[in-house]
Amino acid sequence: MRSHIIKAHLALFAGHVIYAANHFIAKDIMPEKVNPNALVIFRVVGAGLLFWGIKFFIKEKVAKKDFFKLALCGLFGASMNQLSFFHGLNLTSPIDTSIIMTSAPTVVFIMSVIVLKERVTGAKLLGLSIGALGAISLIWYGQVSENNSSFLGNLFIFINVLFYSLYQVIVKPLMRTYHFITIISWVFLFGFIFVIPFGLKEVFYNTNYSAFDLNTNMAIAYIIVFTTFFTFLFNIYGLRQVSPAVAGSYSYVQPAVSFIIVLILSFVFHNDIYNKDIDFVKIISCFLVIIGVYLISKKPKGG
């Protein structure tokens, strides 16, 4: 059992490292090469085919009563969250994106209070207030700053966090019944159905495929194989072993990895396009969110 817990933590850590790198890789090809809606279609279709390729070898039926929950998971975890994420990333900076993603455990806690009636302690209420202050400050800062931040982009990223946190709360009970490959395969099938109205036209009529080069194709492949296929596998595997709050706490990894990537771009490749995105307000906002999540996640003495 302990080995499964360790593997779950390693999977969650790896998933957020991949995701942090994705902020820069996806940002580099939008919107000049690929529209956010088209990129979501590529992502959902590509990863969905990979998941169903594995599902072919797992003979497991889903009860009719659970299809509605799987449809909700597809809506919140594979369509609306991705649409809001890529539109947000298209408008704002990878640094802002990674910091706002750290608010996920706070959002999961709020939903647990509403849906699961989790008890609210003084420490958790304080943590919620501090974390909310950090997230709201960063979103607001996007409206007044002169760097690559964007109020609308940051708001879209936060909406993505809301959708994905709701997905984590809904999908957790299904883990007790079905193999995680079964769950994620149906999630992506329903997700594809929901994104068709938004992205199908963009894929066939508004994407300039003649402008694609090797870097573009590699970026899309990374988004499909690593950012989607592996991270969803890692996340859903981790959720089988730990709570949604613990899984969400690994979002702390993203700002650290993003800062490291900025340093690499600045000093190794002499590219300082994102260097100006790291400033005092963002660092303070990041620490406020992390402190808030720590207080929310901390178990009370004797609890």
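Residues numbered from 1 in each chain as written. Predicted model: local features only at pLDDT ≥ 70, side-chain atom pairs only at ≥ 80, totals over all residues. Heavy atoms only, no water.

**Q** Would you explain unusual backbone geometry in this entry?
**A** If a residue is not glycine, its phi is most likely negative; likewise, a peptide bond is most likely trans. Residues Met 30 and Pro 31 are joined by a peptide bond in cis, for which omega reads -10°. One can find Pro 31 in the loop between α1 (2-29) and α2 (36-55). (Helix = DSSP H or I, 4+ residues; strand = E, 2+ residues; numbered from the N terminus.)

**Q** How do you make sense of the packing of aromatic side chains when you look at a structure like this?
**A** Each aromatic ring pair is specified by the distance between its two centres and by the angle formed by the two planes. Scanning the entire structure with this criterion turns up 20 aromatic pairs. Ring geometry for Phe 51 versus Phe 229: centroids 4.9 Å apart, planes at 35°, classification tilted. Residue Phe 51 is found in helix α2, and its partner Phe 229 is found in helix α10 (residues 214-241); the two are separated by 178 residues along the sequence. Ring geometry for Tyr 209 and Phe 212: centres 5.3 Å apart, planes at 55°, overall tilted. For Phe 212, a relative accessible area of 16% gives the class buried. Taken together, the ring pairs connect Phe 51, Tyr 164, Tyr 167, Phe 188, Tyr 222, Phe 226, Phe 229, Phe 230, Phe 232 and Phe 234 into an aromatic cluster. (Phe/Tyr/Trp six-rings, centres within 6.5 Å; stacked < 30°, edge-to-face > 60°. Buried < 20%, exposed > 50% of the residue type's maximum accessible area, 1.4 Å probe, protein only.)

**Q** Explain α1 here, please?
**A** Since the α-helix advances by 3.6 residues per turn, residues separated by three or four positions end up pointing in the same direction. Along its 28 residues, α1 runs 41 Å from first to last C-alpha, staying within 8% of the 40 Å computed at 1.5 Å per residue. At Asn 22, α1 shows its strongest bend, of approximately 30°. (Expected span 1.5 Å × (residues − 1). Bend = angle between axes of the 7 residues up to and from the residue.)

**Q** Looking at this structure, how should I read the nonpolar core?
**A** The nonpolar side chains of a soluble globular protein tend to be buried, and buried together. Among the nonpolar cores identified, the biggest contains 77 residues, and Leu 39, Tyr 167, Ile 183 and Phe 188 are the most heavily contacted of them. Contact partners of Ile 183, with chain neighbours within four places excluded, come to Leu 70, Val 171, Leu 174, Met 175, Tyr 178 and Ile 236. (Core = buried A, V, L, I, M, F, W, Y, C linked by side-chain atoms within 4.5 Å. Contact = heavy atoms within 4.5 Å.)

**Q** I would appreciate a short explanation of a nonpolar patch on the surface in the present structure.
**A** A surface patch of nonpolar side chains, about 310 Å² in accessible area, is lined by Leu 91, Phe 151, Leu 152 and Leu 155. Here the nonpolar patch gets 3 residues from one element, more than from any other, and that element is helix α8 (residues 151-171). If you trace the backbone, Leu 91 turns up in helix α4 (residues 80-91). For Leu 91, a relative accessible area of 37% translates into the label partly exposed. (Patch = residues over 30% accessible without salt bridge, like charges linked within 9 Å, V, L, I, M, F, W, Y side chains within 5 Å. Areas by Shrake-Rupley, 256 points an atom, 1.4 Å probe, with all protein chains shown as cover. Salt bridge = Lys/Arg side-chain N within 4 Å of Asp/Glu carboxyl O.)

**Q** How should I be thinking about the side chain of Asn 81 in this particular structure?
**A** Tracing the backbone shows Asn 81 in helix α4. Excluding residues that lie within four positions of it along the chain, Asn 81 makes contacts with Leu 75, Phe 76, Asn 160, Phe 163 and Tyr 164.

**Q** Mind showing me how you'd approach the pattern of salt bridges here?
**A** A side chain with one charge may pair with a side chain of the opposite charge, provided their charged atoms come close. By the definition in use, this model includes 2 salt bridges. Note that Lys 33 is salt-bridged to Asp 213, the shortest N-O span being 3.5 Å. Residue Lys 33 is located in the loop between α1 and α2, and its partner Asp 213 is located in the loop between α9 (180-205) and α10; the two are separated by 180 residues in the primary sequence. On the accessibility criterion, Asp 213 (34% relative accessible area) is partly exposed. Notably, a salt bridge pairs Lys 65 with Asp 66, separated by 3.4 Å at the nearest N-O pair.

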